[in-house]
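# Structural overview
As a plain string of letters, each chain reads:
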Amino acid sequence: RATLLVVGCGFPQRGLIRFAIANDLSVVGLDRDPTAIAVPLCQVFVEASTTDVDAICSAATEHGVDGIVTCGSEHALAPVATACERLGLPFYGESETIARCQYKHRMRQALAESGLDFPAHRAVESLADAQAFVATQGLPLVIKPSFGWGQRGVRVVKEPGELETA
């Protein structure tokens, strides 16, 4: 019977864990929250952060897993890919590719290097940086965290007075 390490035991991973069990896989769940909703479904539970690559590798090695997977968590994706690379396990994406997709400044750099056209952008760390960008590019603009959960933290700025709040 194959063993699968599922990184994350919250609501987003519950369906994945149920699917694995229904397909006769033994499930080791890993989550920092021992009261997470899917913990009782797992045959084995490891309490650790879903972003801790060393803990993921340790759990995988200790329990002799045949594969590692996650879903529904942007934060766990790169650590799981990195753990799979360290352990020689298959994964559906390489950690470097995932990082280029998750970190917006790295995504833009890769697009620029490819020669593709895309909207003007700039990584900013202060209001002054943002104001300098507006001075050269104008409004409206979209402010987005360099790394985050999907669309959380995204703001559209249409008027100069909205910039500081955004």
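We now turn to the structure provided with this report.

### Comments concerning the nonpolar core
Core analysis: the biggest nonpolar cluster contains 23 residues, and Leu5, Val7, Leu30, Ile56, Val65, Ile68 and Val80 have the highest contact counts within it. Secondary structure elements with two or more residues in this core: β1 (3-7), β2 (26-31), α2 (53-62) and α3 (74-87). In contact with Leu5, other than residues within four places in its own chain, are Val28, Gly29, Leu30, Ile56, Ala59, Ala60, Val65, Gly67, Ile68 and Val69. In this structure, Cys9, Leu16, Ala36 and Val69 belong to the second largest nonpolar core, which totals 12 residues.

### Section: the state of the cysteines
Under the definition given, this model contains 0 disulfides. Lacking any disulfide linkage, Cys57 is separated from the closest cysteine sulfur, that of Cys84, by 8.3 Å. No disulfide involves Cys101; its nearest neighbouring cysteine sulfur is the one of Cys84, lying 17 Å away.

### As for the side chain of Ser95
With respect to the helices and strands, Ser95 occurs in helix α4 (residues 95-102). On the basis of relative accessible area, Ser95 is assigned to the buried category, the value being 17%. Within polar-contact distance, the side chain of Ser95 engages the side chain of Glu85 at 2.7 Å. When residues no more than four places from it in sequence are discounted, the contact partners of Ser95 are Ala78, Ala81, Thr82 and Glu85.

### A look at the packing of aromatic side chains
Per the counting criterion, the structure on display carries 1 aromatic pair. Measuring from ring centre to ring centre gives 4.3 Å for Phe91 and Tyr92, while their planes differ by 25°; the resulting arrangement is stacked.

### Some remarks on the packing of α2 against α3
With their axes 9 Å apart at the nearest point, α2 and α3 run at an angle of 50° to one another. One way to sum up the angle between α2 and α3 is to call them oblique. Read as a crossing pair, α2 and α3 show a hand that is right-handed. Contacts from Val53, Asp54, Ile56, Cys57, Ala60 and Thr61 of α2 reach α3 at Pro79, Val80, Thr82, Ala83, Arg86 and Leu87. Its residues assigned to classes, the contact of α2 with α3 shows 8 nonpolar, 2 polar and 2 charged.

### What about α3?
Since the α-helix turns once every 3.6 residues, residues separated by three or four places project in the same direction. For α3, spanning 14 residues, the distance from its first C-alpha to its last is 21 Å, which sits close to the expected 20 Å at 1.5 Å a residue. What α3 keeps buried is the set Ala76, Ala78, Pro79, Val80, Ala81, Ala83 and Cys84. Within two residues after α3, Gly88 carries a phi angle of roughly 70°, on the positive side.

### Notes on the sheet that holds strand β3 (residues 44-47)
The strand order across the open sheet formed by 4 strands is β3-β2-β1-β4, and the pairing between neighbours is parallel. Two strands in the sheet have a free side with no partner beyond their single neighbour: β3 and β4 (67-69). Recorded for the sheet is a direction-independent mean angle of 20° between the axes of neighbouring strands. The pairing of β1 with β2 spans 5 bridges and is classified as parallel. The residue of β2 that forms the bridge with Leu4 is Val27. Strands β1, β2 and β4 of the sheet are contacted by helix α1 (residues 11-22), whose axis makes an angle of about 175° with β1. Strand contacts of α3: β1 and β4, with the helix running at about 170° to β4, the strand carrying the most contacts.

### Quick word on the pairing of β1
Counting buried positions along β1 yields 5 of 5 residues, so the element is predominantly enclosed. Along β1, one buried face is formed by Thr3, Leu5 and Val7 and the opposite face, lined by Leu4 and Val6, is buried too. Viewed along the sheet, the connection from β1 through α1 into β2 turns out right-handed. Of the pairings in the sheet, the one linking β1 to β4 comprises 3 bridges and is parallel in character. Note that in β4 the partner of Val6 across the bridge is Val69.

Criteria and cut-off values
Residues numbered from 1 in each chain as written. Predicted model: local features only at pLDDT ≥ 70, side-chain atom pairs only at ≥ 80, totals over all residues. Heavy atoms only, no water. Core = buried A, V, L, I, M, F, W, Y, C linked by side-chain atoms within 4.5 Å. Buried < 20%, exposed > 50% of the residue type's maximum accessible area, 1.4 Å probe, protein only. Helix = DSSP H or I, 4+ residues; strand = E, 2+ residues; numbered from the N terminus. Contact = heavy atoms within 4.5 Å. Disulfide = S-S within 2.5 Å. Polar contact = N/O pair within 3.5 Å; in protein donor to acceptor, adjacent residues only side chain to side chain. Phe/Tyr/Trp six-rings, centres within 6.5 Å; stacked < 30°, edge-to-face > 60°. Axes fitted to C-alpha atoms, helices over the stretch in contact; angles between N-to-C directions. Parallel < 35°, antiparallel > 145°, perpendicular 65-115°, else oblique. Left-handed = near helix turned anticlockwise from the far one by under 90°. Nonpolar A, V, L, I, M, F, W, Y, C, P; charged D, E, K, R; others polar. Expected span 1.5 Å × (residues − 1). Pairing = 2+ DSSP bridges. Right-handed = clockwise from strand over helix to strand, strands pointing away.

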